[in-house]
Amino acid sequence: MQREDFDLSKEVDALRRDPKVGAIASFVGQVREVGMTLEHYPGMTEKALAGIVEEAKARWQVKDCTVIHRYGELAPTDQIVLVAVASAHRGDAFAACEFIMDYLKTQAPFWKKEAGKGWVEAKASDDAAAERWAQDKKPERKAG
Amino acid sequence: MKVTVRFFASVKESLGTEAEVIELPAGVSTVAAVRAHLRARGGAWSETLAETRRVTAAVNQDMAKPSAAVKAGDEVAFFPPVTGG
């Protein structure tokens, strides 16, 4: 949780130190078209994000993970959120990264208020995106 | 028993308050009951927390269903569906 911007390459670089890491998937969300203020629920936000990351680690082989979400005043093209997942292989990294974003969208207590437009309404499509992971079974893994 | 109620985003703006310590009458021991108790204040409270409105709740900073238990000293928060990311 931070007001300040982040540097994608630095964050990804920090995940590259482990020689067992073979894949890093990252997602960056940025402000589209209209400036906004992002409010959050201090304390709960950190708890919710930690819970989502734990869930991702239980479902996929995740070596390391970075989630940064900004709050406060943001202008068009400003970065809002970063999710970067390091894993041995790309399948786990891609899936865990998408899962974390989908859950963050529906479970982490953030609210966007667009300049001159008011509070952004929650989208049914975001609920549907998170819901499909609930239906997914944890992928079976072969031993060895 | 006493609990802290907190409000965020559009709910906070409509109610004109962000936090309050309130004394709950006996029998008010779920999220839905706390919401109904606040709604009974009338005016903006009955409107903002109306059953038809999509309001999400958290107890002690975990998302909570309407049936979730509320105990003395808990922090109960009400807010609109989240829109981060």
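See above for the structure.
All of the points below concern the structure found in this document. (Residues numbered from 1 in each chain as written. Chains lettered and ligands numbered in written order. Predicted model: local features only at pLDDT ≥ 70, side-chain atom pairs only at ≥ 80, totals over all residues.)

### A word on the overall build of chain A
The helix and strand tally for chain A stands at four helices and seven strands. When the helices and strands of chain A are read in sequence order from the N terminus, they spell out α-β-β-α-β-β-β-α-β-β-α. A compact globule built from 144 residues would reach a C-alpha radius of gyration of about 15 Å, and chain A, at 16 Å, matches this within 12%. Across its three principal directions, the C-alpha atoms of chain A cover 55 × 35 × 25 Å. Put simply, chain A has 144 residues, and 33% of those count as buried. (Helix = DSSP H or I, 4+ residues; strand = E, 2+ residues; numbered from the N terminus. Rg over C-alpha atoms; globule rule 2.2 N^0.38 Å. Buried ≥ 20, exposed ≤ 12 C-beta atoms within 10 Å, placed from the backbone.)

### A short note on unusual backbone geometry
Phi at Glu33(A) takes a positive value of approximately 70°, unusual for a residue other than glycine. Judged by local crowding, Glu33(A) falls into the exposed class, with 8 C-beta atoms found within 10 Å. The phi torsion at Gln61(B) lies on the positive side, around 70°, for a residue other than glycine. Structurally, Gln61(B) is set in the loop between strand S3 (56-59) and strand S4 (62-64). A residue is classified by how many C-beta atoms lie within 10 Å of it, and Gln61(B), with 18 of them, is partly exposed.

### Observations concerning the sheet that holds strand S1 (residues 23-30) of chain A
Note: strands within a sheet are paired through backbone hydrogen bonds, in either parallel or antiparallel orientation. Residue and element names in this part refer to chain A. The strand order across the open sheet formed by three strands is S1-S5-S3, and the pairing between neighbours is antiparallel. Each of the sheet's edge strands pairs with one partner strand only, and the pair in question is S1 and strand S3 (64-69). When the angles between neighbouring strand axes are averaged without regard to direction, this sheet yields 5°. Bridge count for S1 against strand S5 (residues 79-87) is eight bridges, and the pairing is antiparallel. By the bridge assignment, Gln30 is partnered in S5 with Gln79. (Pairing = 2+ DSSP bridges. Axes fitted to C-alpha atoms, helices over the stretch in contact; angles between N-to-C directions.)

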